[in-house]
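Structural overview
What follows is the residue order along each chain.
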Amino acid sequence: MEKNILKKALTYLSGAVDYADDDGRGWREKIKKLCQEKGIAMTFLDPCDKPGEFPMEVAEEKKRTHELRRQGDWAGLTSHFKKIVRIDLRMVDMSEVIIVKIQRDIHLCGTYHELFSADKQKKPVLVIIDGGREECPGWLFGVVEPQYMFDSEESCVEYLDKVNRGVVETDGKWVLLHKVIEDSDANTVNV
């Protein structure tokens, strides 16, 4: 019987946007598609596809930020990115799980900020590393457990599928509050 443990789990997708050729959309769409195919009905928080009218770093807005840099409009760039950082870190705060994509050849300033913020909150941080654990920056071995490191989107989703079906026993980092809140009939939730 399918347990569906991760149904509606708020999951933030962290990875390069600014310096990624495809604005970081490709791997995020792949994760969503693979999860859908496996029946893993997580709720994704995607910085490349934010809800509402929040500012992003992709498409036309990315061109705008490049123009601000070219013009040396540092105040304009600061103002724009403060909004992006605020909403992206807020999505990390709201998430119950974070999936991070690390590509060694792309600078990852915001990605590491998000990863370390999620780690401080004791959330499960799943890291997909091009080239696998052998290519993982050494520092991350002091932050992310090796069982949460994957060499591809497919292997990460295989792990999520096992968690979703209850095949893999999760540790104390897996606090899925959405389920507690959803199952509660009261206005106040006792955790």
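Throughout what follows, the structure given in this document is the object of discussion. Keep in mind that what you see is a predicted model, and the values were worked out from it rather than measured.

1. Description of the overall build of the protein
The helix and strand inventory of the protein stands at 6 helices and 5 strands. Along the chain direction, N to C, the helices and strands of the protein fall in the order β-α-β-α-α-β-α-β-β-α-α. Whereas a compact globule of 191 residues would reach a radius of gyration of roughly 16 Å, the protein reaches 17 Å, a difference of no more than 12%. If one aligns the C-alpha atoms of the protein with their principal axes, the spans along those axes are about 60 × 45 × 30 Å. Within the protein, residue pairs in contact and separated by at least 24 positions form 70% of the contacts whose partners lie at least 6 positions apart. Accessible surface computed for the protein: about 10,600 Å², of which carbon and sulfur atoms make up 52%. Distance between charge centres in the protein, computed from 29 positive and 35 negative side chains, equals 2 Å.

2. Notes on the pattern of salt bridges
All told, the structure shown has 14 salt bridges when counted by the stated rule. Its salt-bridge partner being Asp46, residue Arg28 comes within 3.6 Å of it at the nearest N-O pair. Taken together, the residues span a long stretch of sequence, with Arg28 in helix α1 (residues 25-38) and Asp46 in the loop between β2 (43-45) and α2 (59-71) at a distance of 18 residues. Asp46 carries the same exposure label as Arg28, and that label is buried. Here Glu29 ties to Lys32 by a salt bridge, and the two come within 3.4 Å at their closest N and O atoms. Here Glu29 pairs with Lys32, and both are found in helix α1, just 3 residues apart, close to one helical turn.

So, how was this worked out
- Residues numbered from 1 in each chain as written.
- Predicted model: local features only at pLDDT ≥ 70, side-chain atom pairs only at ≥ 80, totals over all residues.
- Heavy atoms only, no water.
- Helix = DSSP H or I, 4+ residues; strand = E, 2+ residues; numbered from the N terminus.
- Rg over C-alpha atoms; globule rule 2.2 N^0.38 Å.
- Contact = heavy atoms within 4.5 Å.
- Areas by Shrake-Rupley, 256 points an atom, 1.4 Å probe, with all protein chains shown as cover.
- Lys, Arg positive; Asp, Glu negative; His and termini not counted.
- Charge placed at Lys NZ, Arg CZ, Asp CG, Glu CD.
- Salt bridge = Lys/Arg side-chain N within 4 Å of Asp/Glu carboxyl O.
- Buried < 20%, exposed > 50% of the residue type's maximum accessible area, 1.4 Å probe, protein only.

Interpretation in functional terms is not warranted from these geometric data alone.
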